[in-house]
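# Descriptive analysis of the structure
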Amino acid sequence: MKKLLVVALALFTLNGMAQERNEKRENRSERHEKFKDMTPTEIADLKSKRLTLDLDLTDAQQKKVHKLLLEQAKTHKQKREAYKAKQGEEKTKPSKEDFIKMQNQRLDEQIAMKREMKSILTDKQYAKFEKMKSRHHGKKGKHKKRSK
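Summary of the structure given here. (Residues numbered from 1 in each chain as written. Predicted model: local features only at pLDDT ≥ 70, side-chain atom pairs only at ≥ 80, totals over all residues. Heavy atoms only, no water.)

Our focus in this paragraph is the environment of Phe35. Mapping Phe35 onto the fold places it in helix H1 (residues 2–36). Given the relative accessible area of 28%, Phe35 is considered partly exposed. Residues contacting Phe35, with those up to four places away along its chain left out, are Ile43 and Lys47. (Helix = DSSP H or I, 4+ residues; strand = E, 2+ residues; numbered from the N terminus. Buried < 20%, exposed > 50% of the residue type's maximum accessible area, 1.4 Å probe, protein only. Contact = heavy atoms within 4.5 Å.)

Written out as structure tokens, the structure reads:
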């Protein structure tokens, strides 16, 4: 009887945890939709303020980072609009050459961004920035267990 009670309790607990995860996913998709409607200036403002809080940026650093993020947000918006226009015409997957070209372009942009950030930030701030980035990208992959 005790074993049956323990198994039932475990099942109810797991069910509650699964529902909580689904709610978090829904919140994430809602946030993503709101982000789509934002202007490049608003995106750059938010990101630069977050970085200012996390990295304790000076005013000069904050202005440089804001300018860099604004340029990045504008190019992303242009690419998104071009992609939407292209998707409206035809719904085909890109060819292997197009895919490789897009990936190379994306990586080149990331390298340029990294170099710019390295020139703006101090060594300590840059190390913290890289650590923040690696944590963010780790969430996209497999879910890791949290240690308490």
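Every α-helix carries 3.6 residues per turn, so stepping three or four residues along brings you back to the same face. End to end, helix H2 (residues 40–55) covers 22 Å across 16 residues, agreeing with the expected 22 Å (1.5 Å per residue, within 8%). Residues of H2 that are buried include every one of Pro40, Ile43, Ala44, Ser48, Leu51, Thr52 and Leu55, and no others. Down the axis of H2, the smallest arc covering the buried residues is 160 degrees, so these residues share one side. Facing away from the buried side of H2 by more than 90 degrees, the exposed set consists of Lys49 and Leu53. (Expected span 1.5 Å × (residues − 1). Arc of directions from axis to C-beta.)

Relative to the elements of secondary structure, Gln61 occurs in helix H3 (residues 59–89). Relative accessible area serves as the criterion here: at 8%, Gln61 is assigned to the buried category. Here the side chain of Gln61 touches Thr58 through a polar contact of 2.9 Å, landing on its backbone nitrogen. Among residues more than four places away in sequence, those in contact with Gln61 are Asp56, Ile120, Leu121, Thr122 and Gln125. (Polar contact = N/O pair within 3.5 Å; in protein donor to acceptor, adjacent residues only side chain to side chain.)

Counting residues in hydrophobic clusters, the biggest one holds 15 residues, and the most contacted among them are Leu51, Leu55, Val65, Met117, Leu121 and Phe129. Within the residue set of this core, elements represented by two or more residues are H2, H3, helix H4 (96–120) and helix H5 (123–138). With four residues, the single largest contributor to this core is H3. For Phe129, the residues in contact, after removing those within four places along its chain, are Leu51, Leu55, Met117 and Leu121. (Core = buried A, V, L, I, M, F, W, Y, C linked by side-chain atoms within 4.5 Å.)

This brings us to H4. The end-to-end C-alpha distance of H4, which contains 25 residues, comes to 36 Å, matching closely the 36 Å that a straight helix rising 1.5 Å per residue would cover. Considered for burial, the residues of H4 that qualify are Met113, Met117 and Ile120.

A few words now on unusual backbone geometry. Note: most residues except glycine have negative phi, and most peptide bonds are trans. The phi torsion at Asp56 lies on the positive side, around 55 degrees, for a residue other than glycine. Here Asp56 is to be found in the loop between H2 and H3.

Here the structure, examined in full by the defined rule, presents one aromatic pair. Judged by centre distance (6.2 Å) and plane angle (40 degrees), the ring pair of Tyr126 and Phe129 falls under tilted. Here the residue Tyr126 and the residue Phe129 both occupy positions in helix H5, the gap between them amounting to three residues, near one helical turn. There is no split in this pair, since Tyr126 and Phe129 are both buried. (Phe/Tyr/Trp six-rings, centres within 6.5 Å; stacked < 30°, edge-to-face > 60°.)

A word on the pattern of salt bridges. A full pass over the atoms with the stated rule returns three salt bridges. Here Glu109 and Lys79 are joined by a salt bridge, their closest N and O atoms 2.2 Å apart. With Glu109 in helix H4 and Lys79 in helix H3, this pair connects stretches of sequence that are 30 residues apart. Here Glu109 falls in the partly exposed class, since its relative accessible area comes to 28%. Taking the shortest distance from any N to any O, the salt bridge between Lys133 and Glu130 comes out at 3.7 Å. Highlighted residues: Lys133 and Glu130, both in helix H5, separated by three residues, approximately one helical turn. Owing to a relative accessible area of 29%, Lys133 belongs among the partly exposed residues under this scheme. It is possible to trace a salt-bridge network through shared partners that takes in Lys114, Glu130 and Lys133. (Salt bridge = Lys/Arg side-chain N within 4 Å of Asp/Glu carboxyl O.)

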